[in-house]
Amino acid sequence: MSAPTDQSSPSPPASGSRRVLIVGGVAGGASCAARLRRLDEAAEIVVFERGPYVSFANCGLPYYVGNIITDERTLLVASRELFRQRFNVEVQTETEVMAIDRPARTIRVRDVRTGTSRDEGYDVLVLSPGAAPIRPPLPGVDRPGVFAVRTIPDTRQIRAWIAERQARTAVVVGGGFIGLEMVENLVQRGLAVTVLEKLPQVMPPVDPEMAVPVREHLAAKGVQLRLGDGLAGIEALAGGGLTVVAKSGSRLPADLVILAIGVRPETTLAKDAGLSLGPRGGIVVDAQMRTTDPHIWAVGDAVEVRDVVTGQETVLPLAGPANRQGRVAAESIAGRATHFRGVQATAVVGVLGLTIATTGASEKGLQRAGVTRYEKVYLHPGHHAGYYPGARPIHLKLLFAVPDGRLLGAQAVGFEGVEKRIDVIATAIQFNGTVHDLAEAELCYAPQFGAAKDPVNLAGMLAENVLSGDMPLADWAALDRTPAFVLDVREPHEFAAGHIPQAVNLPLPELRTRYRELPRDRDLWICCGVGQRAYYAIRFLTQHGYHARNLSGGYTTYKDLRAAGLIP
Ligand code: FAD
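Computed from a predicted structure; not experimentally measured.

Caption draft 1: Region of the structure containing the pattern of salt bridges. Across all of its chains, the model carries 28 salt bridges by this definition. Between Lys-397 and Glu-363 there is a salt bridge, with its nearest N and O atoms 2.8 Å apart. Pair noted here: Lys-397 is in strand E26 (residues 394-401) and Glu-363 is in helix H9 (residues 363-368), with a separation of 34 residues, a long-range link. We classify Lys-397 as buried; its relative accessible area is 0%. Each of Arg-50, Glu-96, Arg-110, Arg-150 and Glu-266 takes part in salt bridges that share partners, so that together they form one network.

Next comes the structure, spelled out in structure tokens:
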């Protein structure tokens with residue numbers, strides 16, 4: 001085999017204009033190229049993309065597998081021709097950037113089809129190489145029939161495999177965002193799907209109790225869940241199928257396997273070039289997305305950015321931040337003093353009709369970051385007015401700082417209106433908002449869309465009640481060892497259907513006549529269905545000299561906390 005020809009002399013910068021080379025032509029790279037052209041008509045802009053397509057919709061890939069998107073061409077957001085004609089940006093696809101020579105300000109590029117390589121000179125270099133799916137070094141992960149989902153060719157192969165093998169069963173390894181999207185789409189294709197997840201919960205970005213409704217929904221839809229069990233290897237069966245071997249020893253037969261256990265920033269180029277990497281493994285950039293080399297910018301999944309809630313560095317593989325960072329880098333290259341604000345991990349996923357959304361820090365994230373002065377409320381309001389037919393609950397958890405009420409994070413699970421509430425809270429977090437801002441937020445209301453007190457308002461009001469002392473909170477985690485008197489103020493039939501073991505039932509309507517039966521010398525921890533009637537009871541009892549606290553979220557939250565193993 002002949003060696004690839006090298007053309008080592010760098011292409012000179014076009015006279016009078018800067019030569020801007022961009023590595024990676026999808027979310028961050030493409031947005032940077034397009035924005036830069038709008039700011040600088042003179043620059044020569046060249047994008048190098050290893051794959052066959054530029055600017056494709058990677059977020060749409062799972063839906064192409066599921067046949068929701070049936071025409072592959074709709075995944076192509078922009079073509080090389082469009083970049084050339086509309087933006088005068090040259091895109092070189094199937095061209096991989098192999099190395100950066102920082103002193104010479106050149107990159108070595110390789111034509112993937114021919115194997116030939118050459119050097120290209122730059123004045124400015126932008127890295128947007130993304131993140132690669134993690135393939136753990138375990139036996140069998142490279143077998144035919146084991147797929148990761150990153151590119152259009154990946155999904156094409158999955159579709160072909162399903163069709164040719166008439167696949168009926170699949171194992172999805174990893175129950176995070178991409179894993180769940182793949183579950184939905186494989187179920188949509190009629191496959192029986194098993195999820196193997198190392199953690200004891202699905203959806204690792206949310207807190208365990210918030211993942212319980214997701215787990216229950218998946219189970220109700222026939223998805224098999226193997227939680228708290230990792231992947232040990234993948235074996236081939238004589239008849240052509242695969243067996244996924246779990247760490248527990250369980251053996252799961254499958255016609256195909258999807259690996260969705262996370263992504264790792266693609267930093268080889270940056271690292272080999274001596275650019276600084278951060279503690280989370282991403283490329284270090286400043287607020288203008290400039291790396292430790294003044295001629296090189298980096299954006300997207302490959303970089304480390306500041307989490308605006310915890311103040312810590314993080315990597316966040318999401319399309320919104322990648323696009324915004326591409327824009328910030330372009331502005332910075334063009335000489336504007338634009339800064340990237342940081343990230344807060346606002347994300348949403350839909351799975352078989354259920355929506356899970358999150359913004360800011362989770363409780364476990366706060367604990368990891370060493371934040372201790374926070375509180376949380378749970379609520380389960382309808383997604384629109386209860387009197388209008390079809391209202392369904394949104395399970396909402398709001399985390400806020402004590403005592404100033406600064407918003408730290410929110411998670412929500414439900415069927416409708418979930419992402420709208422999280423988006424509102426996300427915006428409030430961006431503006432450094434507090435629970436008072438949520439209580440006061442003026443939001444859309446008509447019966448089919450919301451309520452006069454929207455779930456967002458309610459979350460803020462509940463949190464205000466906590467901060468003002470109107471509604472002290474009981475500590476769910478201490479329920480099994482508290483000396484407090486646990487009072488359940490629901491109706492007897494609700495109590496009979498299930499209750500906290502040590503709870504005593506005294507329905508709210510009887511409280512005014514029977515409250516003297518309650519012990520005065522003990523704290524009262526009060527439970528109801530979702531926390532609202534308990535709040536009314538607290539206000540009454542407090543004004544009669546009792547010390548009463550709310551078990552936030554009521555029996556609905558109790559069941560989720562128990563199912564998540566957070567209370568015995
Ligand atoms: P990418 O968009 O991945 O682009 C990087 C490109 O660089 C790649 O095409 C790669 O081929 C190329 N490249 C890498 N190295 C080189 C090199 N040396 N030379 C030349 N080219 C190179 N995010 C959301 O917010 N919402 C979603 O619903 C969502 N769904 C997703 C579903 C899937 C299946 C996947 C894979 C991702 C999803 N994401 C989602 C994440 C989102 O797509 C990424 O965060 C975003 O694309 C990151 O942009 P980027 O520019 O950093 O990297």
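Caption draft 2: Focus on the site of the ligand. Not every one of the 29 residues close to the ligand is listed here, only the nearest: Gly-28, Glu-49, Ser-128, Asp-301 and Ala-319. Residue Val-97 places a main-chain N or O atom 2.9 Å away from a nitrogen atom belonging to the ligand. Taken together, the elements giving at least two residues each to the shell around the ligand come down to helix H1 (27-39), strand E5 (95-101), helix H5 (177-188) and helix H8 (319-333). Tallying contributions element by element places E5 first for the shell around the ligand, with three residues. Of the residues contributing to the shell around the ligand, the split by class is 15 nonpolar, seven polar and seven charged.

Caption draft 3: Region of interest: the packing of H1 against H8. Axis separation between H1 and H8 bottoms out at 7 Å; the angle between their running directions is 35°. By crossing handedness, the relation of H1 to H8 is classed as right-handed. For the pair H1 and H8, the contacting residues are Ala-27, Gly-28, Ser-31, Cys-32, Arg-35, Leu-36, Arg-38 and Leu-39 in the first and Ala-322, Asn-323, Gly-326, Arg-327, Ala-329, Ala-330, Glu-331 and Ile-333 in the second. Classifying every residue of the contact of H1 with H8 by side-chain character gives eight nonpolar, four polar and four charged.

Caption draft 4: How the structure looks around the sheet that holds strand E11 (residues 169-173). Taken in spatial order, the five strands make up an open sheet running E10-E17-E11-E12-E13, and their pairing is parallel. Edge positions in the sheet fall to strand E10 (146-147) and strand E13 (224-227), since each of these pairs with one other strand and no more. Against the sheet, helix H4 (residues 152-165) engages E10 and strand E17 (256-259), with an angle of about 160° to E17.

Caption draft 5: Seen up close, a nonpolar patch on the surface. A cluster of nonpolar side chains, contributed by Tyr-387, Tyr-388 and Tyr-445, occupies part of the molecular surface with about 350 Å² of accessible area. Its place among the elements puts Tyr-388 in the loop between strand E25 (374-379) and E26. Given the relative accessible area of 34%, Tyr-388 is considered partly exposed.

Caption draft 6: Layout of the pairing of strand E15 (residues 242-246). Most of E15 sits out of view: five of its five residues are buried. Here E15 shows a buried face lined by Leu-242, Val-244 and Ala-246 and a second buried face lined by Thr-243 and Val-245. With five bridges connecting them, strand E14 (residues 231-236) and E15 associate as antiparallel partners. Note that in E15 the partner of Glu-235 across the bridge is Thr-243. Between the end of E14 and the start of E15, which pair antiparallel, lie five residues, with Gly-240 showing a positive phi angle near 115°. Bridge count for E15 against strand E16 (residues 251-254) is four bridges, and the pairing is antiparallel.

Caption draft 7: Inspection of the side chain of Asp-229 at higher detail. Topologically, Asp-229 is positioned in the loop between E13 and E14. An unpaired buried charge is present at Asp-229: no salt bridge exists, and Arg-226, the closest side chain of opposite charge, is 5.5 Å distant. Among the polar contacts made by the side chain of Asp-229, one reaches the side chain of Ser-248 at a distance of 2.4 Å. Residue contacts for Asp-229: discarding those within four places in its chain leaves Leu-196, Glu-197, Lys-198, Ala-246, Lys-247, Ser-248 and Ser-250.

Caption draft 8: The arrangement of the sheet that holds strand E22 (residues 313-314) in detail. One open sheet accounts for three strands, arranged E19-E21-E22; its pairing is mixed. In the strand order of this sheet, the two ends are held by strand E19 (283-284) and E22, each with one partner. Here strand E21 (residues 303-306) pairs with E22 via two bridges, running antiparallel. By the bridge assignment, Arg-306 is partnered in E22 with Glu-313.

Caption draft 9: How the structure looks around unusual backbone geometry. Backbone torsion omega between Val-402 and Pro-403 reads 5°, so that peptide bond is classified as cis. Inspection of the secondary structure assignment puts Pro-403 in the loop between E26 and strand E27 (407-414). For Met-289, which is not glycine, the phi torsion reads 70° and is therefore positive. With respect to the helices, strands and loops of the structure, Met-289 is situated in the loop between E19 and strand E20 (296-298). On the accessibility criterion, Met-289 (1% relative accessible area) is buried. Positive phi, normally seen in glycine, also occurs at Leu-352, with a value near 50°. Here Leu-352 shows up in the loop between strand E23 (347-351) and strand E24 (354-360).

Caption draft 10: The arrangement of the side chain of Thr-93 in detail. With respect to the secondary-structure elements, Thr-93 resides in the loop between strand E4 (90-92) and E5. For Thr-93, the side chain forms a polar contact with the side chain of Arg-80, separated by 3.5 Å. Non-local contacts of Thr-93, meaning those with residues more than four positions away in its chain, are made with Glu-49, Gly-51, Pro-52, Tyr-53, Val-54, Arg-80 and Arg-113.

Rules used throughout
- Every chain's residues receive numbers from 1 upward, in the order its sequence appears when written.
- In view of the model being predicted, local features appear only for residues whose pLDDT reaches at least 70, and side-chain atom pairs are presented and counted only at 80 or more, with totals across whole chains, interfaces and linings using the full set of residues.
- Side-chain calculation: all heavy atoms of the structure are included, whereas hydrogens and water are not.
- Here a salt bridge means any side-chain nitrogen of Lys or Arg lying within 4 Å of a carboxyl oxygen belonging to Asp or Glu.
- Each helix corresponds to a stretch of at least 4 residues labelled H or I by DSSP, and each strand to a stretch of at least 2 residues labelled E; elements are numbered beginning at the N terminus.
- Burial classes follow relative accessibility: with a 1.4 Å probe on protein chains only, a residue under 20% of its type's maximum area counts as buried, one over 50% as exposed, and anything between as partly exposed.
- Proximity is defined per residue: any heavy atom of the residue falling within 4 Å of a molecule or strand makes that residue near it.
- A 3.5 Å cut-off defines polar contacts: any pair of N or O atoms within that distance qualifies, except that in protein one atom must be a possible hydrogen donor and the other a possible acceptor, and neighbouring residues in sequence count only when both atoms are side-chain atoms.
- Throughout, the ten residues Ala, Val, Leu, Ile, Met, Phe, Trp, Tyr, Cys and Pro are labelled nonpolar, Asp, Glu, Lys and Arg are labelled charged, and all others, Gly among them, are labelled polar.
- To define axes, lines are fitted to C-alpha atoms, for helices over the stretch in contact only, and angles between the resulting N-to-C directions are given on a 0 to 180 degree scale.
- Definitions for this section: a left-handed crossing has its near helix turned counterclockwise from the far helix by less than a right angle. A right-handed crossing has that turn clockwise.
- By definition, residues are in contact when any of their heavy atoms lie within 4.5 Å.
- Here, any two strands with at least 2 DSSP bridges between them count as paired.
- Candidates for patches are residues over 30% relative accessible area with no salt bridge; among them, like charges are joined within 9 Å and nonpolar side chains (Val, Leu, Ile, Met, Phe, Trp, Tyr) within 5 Å.
- Areas reported here follow the Shrake-Rupley algorithm with a probe of radius 1.4 Å; residue values treat only the protein chains shown as occluding.
- In this tally, Lys and Arg are treated as positive and Asp and Glu as negative; His is ignored, and so are the chain termini.

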